[in-house]
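Single-letter residue listing:
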Amino acid sequence: MSALSHAASDSATMLRRNLRHALRYPSLTLSVAGLPIIFLLLFVYVFGGALGTGIGGSRAQYLDYLVPGIILMTVASGSLMTAVAVSVDVTEGIIDRFRTMAISRASLLTGHVIGSLITTMFSTALVIGFALALGFRPDAGPVEWIATIGVLLMVTFALTWLAVALGVFAKSPESASNLPLPLQLLPMIGSGFVPTGSMPAGLRWFAEYQPFTPVIETLRGLLMGTPIGHSAVTSAAWCAGIALVGYVWAKTRFNRNRAR
Amino acid sequence: MPAAIKATGLRKSYGDKLVLDGIDLYVPQGTVFALLGPNGAGKTTTVQILSTLIDADAGQVEIAGHDLAEDPDGVRSAIGVTGQFSALDDKLTGRENLILMADLHHLGKIEGRRRADALLERFDLRDAAGKLAATYSGGMRRRLDLAMTLVGDPRVIFLDEPTTGLDPRSRRTMWKIIGDLVAGGVTVLLTTQYLDEADRLADQIAVLDHGRLVAQGSAQELKRRVPGGHIRLRFADATELHRAAHLLTDAVLDKENLTLRVPSDGSLPALRALLDRLDATAVQPEELQVHTPDLDDVFFALTGRPDTAKEALR
Ligand SMILES: Nc1ncnc2c1ncn2[C@@H]1O[C@H](COP(=O)(O)OP(=O)(O)OP(=O)(O)O)[C@@H](O)[C@H]1O
Ligand SMILES: [Mg+2]
């Protein structure tokens, strides 16, 4: 086998390992959907009436407005799981075994990234299903749905590489579970929960320029038919940048000699 | 015999702490080499360097014909490593752990499973094959760890303290496994704090202390470097002790423990002669022990201090 097919087969082996972990501890995978669902319920039923009036509509319209932000929150929760799983791997003994074997070095990380893409997409589907059950009524056609999935894969891929880097960087799984917390809350300080126009100047500036806002706007455009403008391009640029930073950071840290 | 492991001038420091201070090792193919030393001697550091986990600051290493610096992947494909701390996937079963290794060695599905099952059988883990590694006892973890190391059929095996923390029975099992490996032509470098273990398993022993090799040789050769053995006599009271001491002028007196150390090779005629002399003066020792020189004495003679590691751990 060539070096490339070895790398592919090693990555597939690592992916199988991660999926096995995920299946063995399904509650961990499900808990990724937990926080977004709680936020969904809280915001729709507790604040939804008032916030719906705020956007010039009803509780039902607020639900439609909220879902894209909640979806991103799910993706961010998924990245938290990834950071923890990577950190467990690099701080526990098995990494030393992998390092003394003639296997492709990147395969461990690649396996994590692909595994997270799969589990996070699963959690996202769960959250969208839940939202539909609550009365979320997107007016997207098949093309828009496919585009939505594409955007979600793109964001998940970017955040996952960042999470992998955080996991490699963290001193322990505990600290790895804290590092991505800002990511989870970032959709709130954007256009995810309320329009940025309602925020005070400084915050509003941040909310409009932070990476999640164009992604939320793109998703909202695809799902609800609001104008997308150049949000799609901005999202793609952000995702490419984040993925690249995460990738380079993770690789350099991972390939460095064990600094224990 | 060609060398399986050849290292010259290994040096390593962490910050300004010198951990390895010029280590030379030569391990012929198909032999067992024991690196013996107390806590902090640098055993693990040596194994980590030889197994490509960390870089040495200086020195050259060749393993199974591969240069460590130029061809680390060549080295990796020839070696198997069982580190000091277990390197299992706790969230997989014993069998899944072995199959994971088989997949990473690209053995193919059928051959991988066959080898996993054979190893489970050989390491007495068949009943626990389907249980999560997290639920294994210390001895089972150690065995699974070694089984995982063997999946790829390595020609050179590193074992960092393979029996630390095992009960006497598991230790014996481990010794037997290591013996079988060597019979199959594999080269083993192991580290240990147990002198009897090195004595029992190793063709060559190197004594490591504060990052330097203070002695090297077979167990026999090392033992020859220390003064001979002795017979220890313990007496009921001080009067008896002094009477005996008067008679046996070359003995070393230990008033506190009421014992005499009489230099002797511990052979039967020497023992009989000593007892006859005691009988003649009607001095009756309460207890008698024959002490032939062991590696404890070697360690003491070489480092000028008792083997503290062993005392702390046993
Ligand atoms: N990553 C590190 N950073 C700093 N010092 C280290 C590091 N690794 C090892 N040391 C130091 O190097 C010395 C040798 O350590 P090593 O682990 O090789 O000893 P050892 O002989 O394996 O001991 P033990 O019997 O306790 O396993 C120790 O003093 C240890 O504190
Ligand atoms: Mg050690």
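Focus: the sheet that holds strand β8 (residues 187-192) of chain B
Residue and element names in this part refer to chain B.
Thought 1: The strand order β6-β7-β8-β3-β9-β10 describes an open sheet built from six strands, whose pairing is mixed. The sheet terminates laterally at β6 (79-82) and β10 (212-217), the two strands that pair on one side only. Adjacent strand axes in the sheet meet at a mean angle of 15 degrees, parallel and antiparallel pairs treated alike.
Thought 2: Each of β6 and β7 (156-160) touches helix α5 (residues 138-150); the most contacted strand, β6, lies at about 170 degrees to it.

Side note on the coordination of the magnesium ion (ligand 2)
Reference geometry at the metal: tetrahedral coordination by four donors gives ideal angles of 109.5 degrees; octahedral coordination by six donors gives 90 or 180 degrees.
Residues and elements named next belong to chain B.
Thought 1: Distances from the magnesium ion (ligand 2) to its protein donors, Thr44 (OG1) and Gln84 (OE1), fall within 1.8 to 2.1 Å. On the criterion of sequence distance, the pair formed by Thr44 in helix α1 (residues 43-50) and Gln84 in the loop between β6 and α3 (94-104) is long-range, its members being 40 residues apart.
Thought 2: For Gln84, a relative accessible area of 27% translates into the label partly exposed.

Remarks on the pattern of salt bridges
Thought 1: This model, assessed by the stated rule, comprises 23 salt bridges over all chains.
Thought 2: The residue B:Asp117 makes a salt bridge to B:Arg95 at a minimum N-O spacing of 2.7 Å. Here the residue B:Asp117 occupies a position in helix α4 (residues 109-122), and B:Arg95 occupies one in helix α3, the gap between them amounting to 22 residues.
Thought 3: Judged by relative accessible area, B:Asp117 falls into the partly exposed class, the value being 32%.
Thought 4: By relative accessible area, B:Arg95 is classed as partly exposed at 29%.
Thought 5: The partner of B:Arg114 in a salt bridge is B:Glu111, with the nearest N and O atoms 3.0 Å apart. Of this pair, B:Arg114 and B:Glu111 both sit in helix α4, three residues apart, which is roughly one turn of the helix.
Thought 6: The partly exposed category is assigned to B:Glu111, whose relative accessible area is 24%.
Thought 7: Ionic contacts of the salt-bridge type, sharing partners, join the residues A:Arg17, A:Asp89 and B:Asp89 into one network.

What about the packing of helix α10 (residues 212-224) of chain A against helix α11 (residues 231-255) of chain A?
All names here are of chain A.
Thought 1: Interhelical geometry of α10 versus α11 gives an angle of 135 degrees and a closest axis separation of 8 Å. Classified by the angle between their axes, α10 and α11 sit oblique to one another. As α10 packs across α11, the resulting crossing turns out to be left-handed. Residues Pro214, Val215, Glu217 and Thr218 of α10 pack against Ser231, Ala232, Thr234, Ser235 and Trp238 of α11.
Thought 2: By residue class, the composition of the contact of α10 with α11 is four nonpolar, four polar and one charged.

Some thoughts on the interface of chain B and chain A
Thought 1: Across the boundary between the two partners, chain B contributes 30 residues, which contact 26 residues of chain A.
Thought 2: For the pair chain B and chain A, the summed buried area comes to about 2500 Å², and 56% of that belongs to carbon and sulfur atoms.
Thought 3: For chain B, the biggest contributors to the area lost against chain A are B:Leu53, B:Leu104 and B:His106; these three give 27% of the whole.
Thought 4: Between chain B and chain A we count five salt bridges in total.

Some thoughts on the domain arrangement of chain B
Thought 1: Along its sequence, chain B is carved into domain 1 (3-88 + 136-223) and domain 2 (228-291).
Thought 2: Computed from C-alpha coordinates alone, the two centres of domain 1 of chain B and domain 2 of chain B are separated by 42 Å.

Here we look at the nonpolar core
Thought 1: Residues A:Phe98, B:Leu98, B:Val188 and B:Ile205 are the most contacted members of the largest nonpolar core, which totals 66 residues.
Thought 2: In this structure, A:Phe39, A:Leu66, A:Ile70 and A:Ile242 belong to the second largest nonpolar core, which totals 42 residues.

Here we look at α10(A)
Residue and element names in this part refer to chain A.
Thought 1: Taking 1.5 Å as the rise per residue, α10 with 13 residues should run 18 Å; its terminal C-alpha atoms sit 17 Å apart, in good agreement.
Thought 2: The buried fraction of α10 is high, at 12 of 13 residues.
Thought 3: Taken as a whole, α10 has its buried residues at Phe212, Thr213, Pro214, Val215, Ile216, Thr218, Leu219, Arg220, Gly221, Leu222, Leu223 and Met224.
Thought 4: Buried-residue contacts for α10 involve α3 (59-91), α6 (142-169), α8 (181-185), α9 (201-209) and α11.
Thought 5: Following α10 by one or two positions, Gly225 adopts a phi angle in the positive range, close to 80 degrees.

A look at the side chain of A:Ser79
All names here are of chain A.
Thought 1: The residue Ser79 is located in helix α3 in this model.
Thought 2: At 2.6 Å, the side chain of Ser79 and the backbone oxygen of Ala76 are in polar contact.
Thought 3: Once you skip the residues sitting within four places of it in the chain, Ser79 turns out to touch Leu159, Ala163, Pro180 and Leu183.

What about the packing of aromatic side chains?
All names here are of chain A.
Thought 1: What the rule picks out here adds up to eight aromatic pairs over all chains.
Thought 2: Centroid distance Phe39 to Phe43: 6.1 Å. Interplanar angle 10 degrees. Geometry classified as stacked. Of this pair, Phe39 and Phe43 are both found in helix α2 (residues 26-54), four residues apart, which corresponds to roughly one turn of the helix. Taken individually, Phe39 and Phe43 each receive the classification buried, so the pair is uniform in this respect.
Thought 3: One aromatic cluster in this structure is built from Phe39, Phe43, Phe47 and Phe193.
Thought 4: Between Arg99 and the ring centre of Phe254, over which it is positioned, the NZ or CZ distance is 4.8 Å.

Calculation notes
Residues numbered from 1 in each chain as written. Chains lettered and ligands numbered in written order. Predicted model: local features only at pLDDT ≥ 70, side-chain atom pairs only at ≥ 80, totals over all residues. Heavy atoms only, no water. Pairing = 2+ DSSP bridges. Helix = DSSP H or I, 4+ residues; strand = E, 2+ residues; numbered from the N terminus. Axes fitted to C-alpha atoms, helices over the stretch in contact; angles between N-to-C directions. Contact = heavy atoms within 4.5 Å. Donors = N, O, S within 2.8 Å, 3.2 Å for Na, K, Ca; no water. Buried < 20%, exposed > 50% of the residue type's maximum accessible area, 1.4 Å probe, protein only. Salt bridge = Lys/Arg side-chain N within 4 Å of Asp/Glu carboxyl O. Parallel < 35°, antiparallel > 145°, perpendicular 65-115°, else oblique. Left-handed = near helix turned anticlockwise from the far one by under 90°. Nonpolar A, V, L, I, M, F, W, Y, C, P; charged D, E, K, R; others polar. Buried area = accessible area lost by both parts, 1.4 Å probe. Domains from an automatic or database assignment. Core = buried A, V, L, I, M, F, W, Y, C linked by side-chain atoms within 4.5 Å. Expected span 1.5 Å × (residues − 1). Polar contact = N/O pair within 3.5 Å; in protein donor to acceptor, adjacent residues only side chain to side chain. Phe/Tyr/Trp six-rings, centres within 6.5 Å; stacked < 30°, edge-to-face > 60°. Lys NZ or Arg CZ within 6 Å of the ring centre and 35° of its normal.

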